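Summary of the model geometry
These are the residues of each chain, in order.
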Amino acid sequence: YRRMLRIFVERERHFISQWQAAWQQGDQETVKRLLHTMQSVANTLGASGLANACQQLAADVQAQASADRIAQSVSVMADEMDLVLAGIEAAWPDA
């Protein structure tokens, strides 16, 4: 489990900026794939807040929500990601 958490921290530390880059480039396939993958991984780790935030953002993207709504959902997702990363690093500093 620690190994999985370490891999998560290493791979996903820059998830938000990667997602935002895909969004700004209009790469809808990557936008949706990143959200789907992160939602699945978050569910596997038991990070339901992050999984829910990904699900909400995916729904907003699908609905072609306003830029303000997308920004709000990205902010919630970023906050949830920060909580998950901080929790992992606090519990297992070597993760």
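Our subject is the structure listed above.
A brief look at the structure comes next. What you see is a predicted model; the values in this text were computed from it and never measured. (Residues numbered from 1 in each chain as written. Predicted model: local features only at pLDDT ≥ 70, side-chain atom pairs only at ≥ 80, totals over all residues. Heavy atoms only, no water.)

Considerations on helix α5 (residues 67-91)
Taking 1.5 Å per residue as the helical rise, α5 with its 25 residues ought to reach 36 Å, and the 36 Å between its terminal C-alpha atoms agrees with that figure. Buried residues of α5: Ile70, Ser73, Val74, Met77, Ala78, Met81, Val84, Leu85 and Ile88, and no others. Of the surrounding elements, those touching the buried residues of α5 are α1 (2-12), α2 (15-24), α3 (28-45) and α4 (48-62). (Helix = DSSP H or I, 4+ residues; strand = E, 2+ residues; numbered from the N terminus. Expected span 1.5 Å × (residues − 1). Buried < 20%, exposed > 50% of the residue type's maximum accessible area, 1.4 Å probe, protein only. Contact = heavy atoms within 4.5 Å.)

Side note on the packing of α2 against α5
α5 packs onto α2 with a crossing angle of 160° between their chain directions and a minimal axis gap of 10 Å. Looking at the two axes, α2 sits roughly antiparallel to α5. The two elements α2 and α5 meet at a crossing, and its hand is right-handed. Every residue of α5 that contacts α2 at Phe15, Ile16, Trp19, Gln20 and Trp23 is listed here: Ile70, Val74, Met77, Ala78 and Met81. A per-class count over the contact of α2 with α5 returns 9 nonpolar, 1 polar and no charged. (Axes fitted to C-alpha atoms, helices over the stretch in contact; angles between N-to-C directions. Parallel < 35°, antiparallel > 145°, perpendicular 65-115°, else oblique. Left-handed = near helix turned anticlockwise from the far one by under 90°. Nonpolar A, V, L, I, M, F, W, Y, C, P; charged D, E, K, R; others polar.)

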